[in-house]
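# Examining the three-dimensional arrangement
Here are the chains, one letter per residue:
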Amino acid sequence: MSDTSKSDDSGTLDRRRAVKVLLAERRDLLVVTGLGSPSYDVFDAGDHDGNFYLWGAMGGAALVGLGLALAQPARPVAVVTGDGEQIMGAGGLMTVAVAAPGNLTIVVLDNGHYGETGMQRSHAGLGVRLDRVAQASGIEDAVEIADEAGLAAYRPKLLATSGGPRFLRVRIASGHVERALPPRDGVYLKHRMRGHLGFMVS
């Protein structure tokens, strides 16, 4: 059993660069973001009508992504969130595993800190391996990547509509990054996503 009292602070990837590498050539990928920095990262990589930015619902990003994946089985869906947000929603990983959507990938940007509340060290920063938590929850395809080459090689999985669910832990550095604020109007974001999916918007 691993010693979770030890710090786990060796991530070196720049979060903005990592997300840009992952979302390059995204095609018909739908993206749900966890609140805070992951939303800024995805927006900075290029705003898209297929992005749904969460501005609340701490811990709910994976489950929002699950609902979208089940409703749109022909489209690949990625949840891009942080370690703190996913720790709060750890139980949702079990629901994702049981529902088993083949088109869903959960991407956790792990810097081992709660970035939105003052950079306190998170459970992940104290040694909890979220990829192993995901595996124990029933998501068999759960991996860690800590280099750009690995992220680029992972992209075909991100765009797949079968073989999931998948869980990707991306080791990122914990340094400060300027905010890049996407739209914050929840109604607008809802209607934009519905329009992108071909539903009439009243």
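Residues numbered from 1 in each chain as written. Predicted model: local features only at pLDDT ≥ 70, side-chain atom pairs only at ≥ 80, totals over all residues. Heavy atoms only, no water.

Relative to the helices and strands, Q72 resides in the loop between α3 (61-71) and β3 (77-82). Setting aside its immediate chain neighbours within four residues, Q72 contacts L30, N103, L197 and F199. (Helix = DSSP H or I, 4+ residues; strand = E, 2+ residues; numbered from the N terminus. Contact = heavy atoms within 4.5 Å.)

One finds L68, L104, I106, I139 and F167 to be the most contacted residues of the largest nonpolar core, which totals 25 residues. Of all the secondary-structure elements, those providing two or more residues to this core are β1 (30-33), α3, β3, α5 (90-99), β4 (104-110) and α6 (130-137). Per element, the largest residue contribution to this core is five residues, and it comes from α3. Beyond its immediate sequence surroundings of up to four residues, I106 is in contact with A62, V79, Q86, L93, V96, R166, F167 and L168. Residues L22, Y53, V107 and L158 belong to the second largest nonpolar core, which totals 23 residues. (Core = buried A, V, L, I, M, F, W, Y, C linked by side-chain atoms within 4.5 Å. Buried < 20%, exposed > 50% of the residue type's maximum accessible area, 1.4 Å probe, protein only.)

Two elements in contact, α3 and α5, have axes whose closest approach is 9 Å; the angle formed by their N-to-C orientations is 20 degrees. In terms of axis orientation, α3 runs roughly parallel to α5. For the pair α3 and α5, the crossing hand works out as left-handed. Of the residues in α5, those touching α3 at A62, L63 and L66 are G92, T95, V96 and A99. Taken together, the residues of the contact of α3 with α5 break down into five nonpolar, two polar and no charged. (Axes fitted to C-alpha atoms, helices over the stretch in contact; angles between N-to-C directions. Parallel < 35°, antiparallel > 145°, perpendicular 65-115°, else oblique. Left-handed = near helix turned anticlockwise from the far one by under 90°. Nonpolar A, V, L, I, M, F, W, Y, C, P; charged D, E, K, R; others polar.)

Once that is clear, we can look at the environment of K157. Here K157 lies in helix α7 (residues 148-158). The spatial distance from the C-alpha of K157 to the C-alpha of T105 is 8.2 Å, given a sequence separation of 52 residues.

Time to look at the layout of surface pockets. Of the volumes computed, that of the second largest pocket is approximately 190 Å³. What lines the second largest pocket is simply V32, F52, V64, L68, A71, Q72, K190, M193, R194, L197 and F199. Those elements that provide at least two residues to the lining of the second largest pocket are α3 and α8 (186-196). Its residues placed into classes, the lining of the second largest pocket shows eight nonpolar, one polar and two charged. (1 Å grid on protein atoms, 1.4 Å probe; cavity = no way out; pocket = protein on both sides within 12 Å on 5 of 7 lines; lining within 4 Å. Points joined across faces, edges and corners; volume = space filled by probe spheres on them.)

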